[in-house]
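# Breakdown of the fold
So you can see what is in the structure, the chains are spelled out below.
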Amino acid sequence: MDARFWHERWQRGEIGFHKSRANPLLVRWWPQLGLPSGSAVCVPLCGKSLDLLWLRDHGHSVTGIELSRSALEDFAQENQLALHWRREESFDVAEGQGLQLFAGDFFAVQPEHIEQVAAVYDRAALIALPPDMRARYVTHMLTILPASWQMLLVTLDYPQAERPGPPFSVPDAEVRALFAGCEVTQLDDQDVLKDHALFRQQGMTQLRERVYHIIRTPAA
Ligand SMILES: C[S@@+](CC[C@H](N)C(=O)[O-])C[C@H]1O[C@@H](n2cnc3c(N)ncnc32)[C@H](O)[C@@H]1O
């Protein structure tokens, strides 16, 4: 899953992962984090997700990171946002209206880009990556985030042999192994196969969507 794969998907409009409203699991579970209003939130691999706006509208300053600059341009245009672009190191950054959107590679993000961040929202980011990249993604996250943070993580779990990713299956045991040393609480676990006709056509027999609250403290 290299950069070209994702750029081509955006160019061709093959973005079935994009939803036309805020994710109901974000709406349902975000309050669980109990974050003070004004806390900074990071959304890695954000695409043009409307979850960015939901988080901003719920009092957060939001930093998104997305490989595709055109996805971020679409996001600004489709939501009538007046964002100003500037260059910062290897990123083009769009800023304004409570949002800071980095166009570039998540693996190039440095601690100073997200130093105030109190929480991370991951929907379709971890599960967009193949196994070796998932480990790199979490390791990089642990390296760049401040000492204390929380995360709301949404995963899918299905028999991986039944279809290739993305989205990839990330079973419960893998989540716990990736975030070893953090406090990991499963908040939700639903059978969602009925909602995914294409996956059923592709031969998928089971599909579970899970939500995790992950907490990292300096002592952990
Ligand atoms: C499955 S999509 C999910 C987008 C968004 N989270 C959502 O819920 O709609 C994964 C996104 O990650 C982006 N991406 C993939 N690898 C990346 C990387 N290394 N750095 C930044 N973005 C990346 C892709 O361009 C794509 O928009």
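What counts, and where the lines are drawn
- Every residue gets a number counted from 1 within its own chain, in the order that chain's sequence is written.
- Local features in this predicted model are restricted to residues of pLDDT 70 or higher, and side-chain atom pairs are both shown and tallied only at a pLDDT of 80 or more, whereas totals for entire chains, interfaces and linings draw on every residue.
- Values shown for side chains rest on all heavy atoms present in the structure; no hydrogens or waters enter the calculation.
- UniProt positions are given in the numbering used here, feature names are shortened, and annotations may be inferred rather than shown by experiment.
- Here a helix means four or more residues in a row that DSSP labels H or I, a strand means two or more in a row labelled E, and each is numbered from the N terminus.
- Each radius of gyration is computed over the set of C-alpha atoms, and the globule rule expresses the reference value as 2.2 Å times the number of residues to the power 0.38.
- Only protein chains enter the accessibility calculation, which uses a 1.4 Å probe; a residue is then buried when its area is under 20% of its type maximum, exposed when over 50%, and partly exposed in between.
- Residue contacts are counted whenever heavy atoms from the two residues lie within 4.5 Å of one another.
- Accessible surface is estimated by sampling points in the Shrake-Rupley manner with a 1.4 Å probe; for residues, cover comes only from the protein chains shown.
- Asp and Glu count as negative and Lys and Arg as positive, but His and the ends of the chain are not part of the count.
- Just so you know, the charge point we use is NZ for Lys, CZ for Arg, CG for Asp and CD for Glu.
- We call a residue near a molecule or strand when any one of its heavy atoms sits within 4 Å of it.
- Any pair of nitrogen or oxygen atoms within 3.5 Å is treated as a polar contact; in protein, a donor-acceptor pairing is required on top of that, and neighbouring residues in sequence qualify only through side-chain atoms on both sides.
- Salt bridges are identified by distance alone: a Lys or Arg side-chain nitrogen within 4 Å of an Asp or Glu carboxyl oxygen.
- Classification of ring pairs rests on two measures: the distance between centres of Phe, Tyr or Trp rings, Trp counted by its six-membered ring, which must be within 6.5 Å, and the angle between planes, read as stacked under 30 degrees, edge-to-face over 60 and tilted in between.

In the annotation of an unreviewed UniProt entry, the protein is listed under the name Thiopurine S-methyltransferase and assigned to Halopseudomonas laoshanensis. The Subcellular location (unreviewed entry) comment attached to the protein in UniProt states, word for word, "Cytoplasm".

## Describing the overall build of the protein
A tally of helices and strands in the protein yields seven helices and nine strands. Taking 17 Å as the expected radius of gyration for a compact globule of 220 residues, we find that the protein reaches 17 Å, a close match to that expectation. Counting only C-alpha atoms and orienting by the principal axes, one finds that the protein spans roughly 45 × 45 × 30 Å. Split into buried and exposed, the 220 residues of the protein put 50% on the buried side. For the protein, the share of sequence-separated contacts (at least 6 apart) that also reach a separation of at least 24 residues comes to 66%. Working note: accessible area of the protein is about 10,300 Å², and carbon and sulfur atoms make up 51% of it. Computing the positive centroid from 21 side-chain charges and the negative centroid from 28, the protein places the two 4 Å apart.

## Some details on the site of the ligand
Near the ligand there are 16 residues, and of these Leu 45, Glu 66, Asp 105, Phe 106 and Arg 123 occur at the shortest range. Within the side chain of Trp 10, one N or O atom sits 3.0 Å away from an oxygen atom of the ligand. One nitrogen or oxygen atom from the side chain of Glu 66 is found 2.6 Å from an oxygen atom belonging to the ligand. Burial of the ligand by the protein chains amounts to 95% of its free accessible area of 590 Å².

## Topic: the pattern of salt bridges
All told, the structure shown has 15 salt bridges when counted by the stated rule. Taking the shortest distance from any N to any O, the salt bridge between Glu 78 and Lys 48 comes out at 2.9 Å. In this pair, Glu 78 sits in helix H4 (residues 69-78) while Lys 48 sits in the loop between strand E1 (40-44) and helix H3 (51-57), placing the two residues 30 residues apart along the sequence. The network of salt bridges with common partners includes Arg 69, Glu 73, Arg 87 and Asp 92.

## A short note on the packing of aromatic side chains
Summed over the entire model, instances satisfying the criterion amount to seven aromatic pairs. Aromatic side chains Trp 6 and Phe 17 sit 6.2 Å apart centroid to centroid with 70° between the ring planes, which places their arrangement in the edge-to-face category. Of this pair, Trp 6 sits in helix H1 (residues 3-12) while Phe 17 sits in the loop between H1 and helix H2 (24-29), and the two are eleven residues apart along the sequence. Seen in terms of ring centroids, Trp 30 and Tyr 121 are 6.3 Å apart; in terms of plane orientation they differ by 90°. Their pairing is edge-to-face. Note that Trp 30 is positioned in the loop between H2 and E1 and Tyr 121 in strand E6 (residues 117-123), a separation of 91 residues in sequence. Using a relative accessible area of 5% as the deciding quantity, one classes Trp 30 as buried. Accessibility expressed as a relative area gives 1% for Tyr 121, which makes it buried.

## Here we look at unusual backbone geometry
Note: most residues except glycine have negative phi, and most peptide bonds are trans. Cis geometry marks the peptide bond from Gly 165 to Pro 166, where omega comes out at -5°. Secondary-structure assignment places Pro 166 in the loop between strand E7 (149-157) and helix H6 (172-178). For the bond from Pro 166 to Pro 167, the omega torsion is 0°, close enough to zero to count as cis. Inspection of the secondary structure puts Pro 167 in the loop between E7 and H6. We note that Leu 45 has phi near 50°; this positive angle belongs to a residue other than glycine. Relative to the helices and strands, Leu 45 is located in the loop between E1 and H3. Its relative accessible area of 25% is what places Leu 45 among the partly exposed residues. In this structure, Gln 80 takes a positive phi of about 50° despite not being glycine. Tracing the chain through its elements places Gln 80 in the loop between H4 and strand E3 (84-88).

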